[in-house]
Amino acid sequence: MIEYLYNGIRAHAGNDLVISAIVTNEAGEEVTSGVLLVLHDKDRKTMLYAVEGTYSEETKEIAFVIPKDITEGKNGRYWYCFTQDGNALCFKEPIYLV
């Protein structure tokens, strides 16, 4: 199960997580390719996982899948952000794994 609260996410660790987002650039234009969701450890510095999203023309969202083995045994507040070509598209936001 995944719950969104503004940009924060609450999800069950040890499950495949599918996180969907509408991603825009600084000009407010929709970005449809080359976007990574980057998951960081509690320290905000150590990258745990990065995955490229898949764009859906139907929903206009990019879906990112984090496999269950990445979150297995994790509990508490971690951090995520979106990047494109090595540039952050947003600040790091919390993802709570329970």
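What counts as what
- Residues numbered from 1 in each chain as written.
- Predicted model: local features only at pLDDT ≥ 70, side-chain atom pairs only at ≥ 80, totals over all residues.
- Heavy atoms only, no water.
- Buried < 20%, exposed > 50% of the residue type's maximum accessible area, 1.4 Å probe, protein only.
- Helix = DSSP H or I, 4+ residues; strand = E, 2+ residues; numbered from the N terminus.
- Pairing = 2+ DSSP bridges.
- 1 Å grid on protein atoms, 1.4 Å probe; cavity = no way out; pocket = protein on both sides within 12 Å on 5 of 7 lines; lining within 4 Å.
- Points joined across faces, edges and corners; volume = space filled by probe spheres on them.
- Nonpolar A, V, L, I, M, F, W, Y, C, P; charged D, E, K, R; others polar.
- Axes fitted to C-alpha atoms, helices over the stretch in contact; angles between N-to-C directions.
- Core = buried A, V, L, I, M, F, W, Y, C linked by side-chain atoms within 4.5 Å.
- Contact = heavy atoms within 4.5 Å.
- Salt bridge = Lys/Arg side-chain N within 4 Å of Asp/Glu carboxyl O.

## Let's talk about the pairing of strand β10 (residues 93–97)
So, step 1. Among the five residues in β10, four count as buried, and that is most of the element.
So, step 2. For strand β2 (residues 8–11) and β10, the ladder comprises three bridges, and the chain directions are parallel. Each residue of the ladder has a partner; that of Ile9, found in β10, is Ile95.

## Thoughts on the layout of surface pockets
So, step 1. Within this model, the largest pocket holds a volume of roughly 260 Å³.
So, step 2. Along the walls of the largest pocket sit 15 residues, with Asn7, Ala21, Ile22, Tyr80 and Phe82 positioned nearest its centre.
So, step 3. If one sorts the elements of the lining of the largest pocket by residue count, strand β3 (residues 17–21) sits on top with three residues.
So, step 4. Of the residues contributing to the lining of the largest pocket, the split by class is 11 nonpolar, three polar and one charged.

## Some points on the sheet that holds β3
So, step 1. If you trace the three strands from one edge of the open sheet to the other, you get β3-β7-β6, paired in antiparallel fashion. Unpaired on one side and paired on the other, β3 and β6 (54–56) mark the two borders of the sheet. Taking each pair of neighbouring strands and ignoring which way they run, the sheet shows an average axis angle of 30°.
So, step 2. In the sheet, β3 pairs with strand β7 (residues 61–66) via five bridges, with the strands oriented antiparallel. Among the inter-strand pairings, Val18 is bridged to a residue of β7, identified as Val65.

## Quick word on the nonpolar core
So, step 1. Of all hydrophobic cores here, the largest spans 20 residues; its most connected members are Val35, Leu37, Phe64, Phe82 and Ile95.
So, step 2. The set of elements that each furnish at least two residues to this core consists of β2, β3, β4 (35–40), β7, β8 (76–84) and β10.

## Brief notes about the side chain of His40
So, step 1. Within the element layout of this structure, His40 appears in strand β4.
So, step 2. Residue classification places His40 among the buried positions, given a relative accessible area of 8%.
So, step 3. Apart from residues lying up to four places away in sequence, His40 is in contact with Lys45, Thr46, Met47, Leu48, Tyr78, Trp79, Cys81 and Lys92.

## Some points on the pattern of salt bridges
So, step 1. Applying the stated criterion to the full structure yields one salt bridge.
So, step 2. Between Glu57 and Lys60 there is a salt bridge, and its shortest N-O distance comes to 2.5 Å.
So, step 3. The class for Lys60 is partly exposed, based on a relative accessible area of 35%.

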